[in-house]
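A structural walkthrough
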Amino acid sequence: MNHHRTIIEPFKIKTVEPLAMLSRADREVHLERAGYNLFSLPSEVVTFDFLTDSGTTAMSAAQWAAMLVADESYAGSRSFARLEAVVRQLTGCTHVIPTHQGRAAERLLCLALAKPGMKIPSNNHFDTTRANIEFVGAEAVDLVISEGRDPRSRHPFKGNIDLPKLDAFLTENKQSIPFGMITITNNTGGGQPVSLENIREVAKLYKRHGIIFIIDCCRFAENAYFIKLREPGQSNRSVRDIAQEIFSLSDGCYMSAKKDALVNIGGFIALRSTEWVEKLRALLILTEGFPTYGGLAARDLEAMAVGLEEVLDERYLEYRLAVTRYMAEGFNKLGIPTVQPPGGHAVYIDAKEFLPHIPTHQFPGQSLVCELYSAEGIRACEIGSVMFGSFTSNGDFRPSAMELVRLAFPRRVYTQSHFDYILEGMEEVVANKAKLKGLKLVYDPPFLRHFTAKFQPL
Ligand code: F0G
């Protein structure tokens with residue numbers, strides 16, 4: 001038996017990059033120059049970059065080695081055959097269509113299959129999924145269980161779909177549903193997992209109503225490990241076995257490989273039946289590339305093939321989920337409230353509760369994001385009224401339902417001592433929180449405000 005309490009990084013480090021170490025005063029200059037929007041910061045002035053877990057993975061020596069032996073042939077690349085074999089083995093799907101990232105897969109599926117007026121249900125659609133569905137005039141419908149919308153609920157599978165709601169929705173709309181979905185883990189809902197039982201029931205419902213079932217599987221391994229940890233009767237199965245069962249319940253999936261395929265770029269669609277394949281491949285050739293590279297270099301296909309195997313290493317997954325759990329518990333001990341329970345890839349701080357003196361129209365989440373940068377060199381992402389708030393026609397502000405700050409952790413990049421260092425520094429952020437002020441929006445772009453808006457401190 002393992003008698004250690006510490007879950008260590010199950011890797012040693014061969015290539016390193018220096019960390020930017022700036023003074024608070026220097027950071028404040030950069031923050032002002034960036035208009036108090038962290039998307040405008042050059043990454044060299046960021047110490048801990050938690051903007052996203054997407055495409056920010058440290059690759060392994062085995063992945064870099066595979067990249068060197070890649071076959072860069074335009075057609076019939078050996079590297080594609082390797083990726084195809086790995087995806088087939090994992091998903092049980094015969095047809096593998098490579099894409100340059102997740103949203104390219106979404107675009108192909110929506111262009112090929114969805115039409116104006118159609119509806120696509122899921123637990124929660126991710127932003128790019130929703131945008132691609134709406135771009136073709138269809139509607140993205142979120143049917144997550146009510147616990148999934150409650151940041152305090154400690155339900156172990158807050159990503160689950162509400163089954164009675166899904167059944168009623170399918171009964172009413174089945175003529176206008178091109179395919180049904182589920183996202184594992186549920187990123188929009190806080191990186192929360194979906195239970196195997198829920199996926200089985202969802203699959204049954206889609207089947208009963210004659211609807212094709214597609215999984216957005218970009219964090220499938222994290223989801224499968226949560227099932228092993230939390231779902232009764234699953235603890236003795238391997239994560240690979242659980243993942244294979246999940247995929248076996250669907251008609252196909254698509255993946256942003258920038259997450260659980262442990263690469264910096266890549267994606268794919270995998271399908272069981274031939275029905276849509278020709279149409280998708282025709283569109284693929286139009287916008288992505290030939291069917292054996294799909295907008296990627298063959299070396300990227302090689303890295304994905306290796307990453308999809310590495311991610312199923314349970315020591316890696318144990319470490320991976322320990323990171324979010326450790327950080328959420330550390331924050332909570334300091335009195336920083338987070339969405340419960342911690343999800344797989346990120347910790348979400350409840351800024352409205354943490355900074356109750358800052359009203360929502362003065363953006364408490366953005367204020368916290370700026371302080372995390374000034375104090376600790378952390379780059380996090382506001383998911384609150386900067387992202388989702390709006391103004392009514394008479395200029396009144398309509399806030400977002402929640403004011404969250406997401407710290408998404410890159411895979412295999414930061415170590416335990418980095419996280420301890422951050423938690424030490426957070427003591428001061430907590431001690432001084434009453435002094436934090438809100439912000440005024442001084443440039444409000446017409447679309448996707450959070451990327452380019454500019455602020456002034458009040
Ligand atoms: N689906 C989910 C659940 C995602 O989280 C993402 C990306 C995508 C699809 C789109 O994939 O970026 O490769 O085009 N999520 C990133 C994030 C951007 O930061 O959460 P992509």
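Residues numbered from 1 in each chain as written. Predicted model: local features only at pLDDT ≥ 70, side-chain atom pairs only at ≥ 80, totals over all residues. Heavy atoms only, no water.

1. Things to note about empty space enclosed by the protein
Under the defined criterion, the tally for this structure stands at three cavities of 30 Å³ or more. In this model, the largest cavity occupies a volume close to 80 Å³. Every residue lining the largest cavity is listed: Asn37, Leu38, Phe39, Leu51, Gln366, Val369, Ala380, Cys381, Glu382, Val386, His450 and Phe455. Only helix 14 (364-376) and strand 11 (381-383) provide two or more residues apiece to the lining of the largest cavity. Looking at the second largest cavity, its volume works out to about 40 Å³. What lines the second largest cavity is Gly190, Gln192, Ala328, Thr338, Val339, Pro341, Pro342, Gly343, Ala346, Val347 and Tyr348. Per-element accounting of the lining of the second largest cavity gives the leading share, three residues, to strand 9 (residues 346-350). (1 Å grid on protein atoms, 1.4 Å probe; cavity = no way out; pocket = protein on both sides within 12 Å on 5 of 7 lines; lining within 4 Å. Points joined across faces, edges and corners; volume = space filled by probe spheres on them. Helix = DSSP H or I, 4+ residues; strand = E, 2+ residues; numbered from the N terminus.)

2. Points about the pattern of salt bridges
Within the structure shown, the criterion is met by 25 salt bridges. In this structure, Arg208 engages Asp167 in a salt bridge whose closest nitrogen and oxygen atoms are separated by 3.7 Å. Here Asp167 lies in helix 6 (residues 163-173) and Arg208 lies in helix 7 (residues 196-208), a separation of 41 residues in the sequence. The exposed category is assigned to Arg208, whose relative accessible area is 58%. Classification of Asp167 by relative accessible area gives partly exposed; the value is 23%. The shortest N-O distance in the salt bridge between Arg412 and Glu310 comes to 2.9 Å. One end of the pair, Arg412, is in the loop between strand 14 (404-408) and helix 16 (416-431); the other, Glu310, is in helix 11 (residues 298-310), with 102 residues separating them in the sequence. One connected set of salt bridges, linked through shared partners, spans Asp53, Arg219, Glu222, Asp260, Arg320 and Arg411. (Salt bridge = Lys/Arg side-chain N within 4 Å of Asp/Glu carboxyl O. Buried < 20%, exposed > 50% of the residue type's maximum accessible area, 1.4 Å probe, protein only.)

3. Description of the site of the ligand
Residues in close proximity to the ligand total 17 residues, the closest being Thr52, Arg103, Asp216, Ser256 and Lys259. Note that an oxygen atom of the ligand is positioned 2.6 Å from one of the side-chain N or O atoms of Ser256. Arg406 has a polar side-chain atom sitting 2.7 Å from an oxygen atom of the ligand. Bound to the protein, the ligand loses 93% of the 470 Å² it would expose on its own. Counting residues per element, the shell around the ligand draws most heavily on helix 4 (residues 102-113), at three residues. (Near = heavy atom within 4 Å. Polar contact = N/O pair within 3.5 Å; in protein donor to acceptor, adjacent residues only side chain to side chain. Areas by Shrake-Rupley, 256 points an atom, 1.4 Å probe, with all protein chains shown as cover.)

4. Thoughts on the domain arrangement of the chain
Interfaces are often described in size by the accessible area the parts lose on coming together. According to the domain assignment, the chain contains domain 1 (24-53 + 313-457) and domain 2 (61-310). On a C-alpha basis, the centres of domain 1 and domain 2 stand 28 Å from each other. At the interface, 23 residues of domain 1 touch 30 residues of domain 2. In total, domain 1 and domain 2 occlude about 2200 Å² of area from one another, counting both sides; carbon and sulfur atoms represent 50% of this. On the surface where domain 1 and domain 2 come into contact, there are eight salt bridges. The salt bridge partner of Arg411 is Asp260, with a shortest N-O separation of 3.3 Å. Summed over the shared surface of domain 1 and domain 2, the result is 19 residue pairs in polar contact (both at pLDDT 80 or more). When contributions to the side of domain 1 that touches domain 2 are tallied by element, the ones reaching two or more residues are helix 12 (314-333) and strand 9. (Domains from an automatic or database assignment. Contact = heavy atoms within 4.5 Å. Buried area = accessible area lost by both parts, 1.4 Å probe.)

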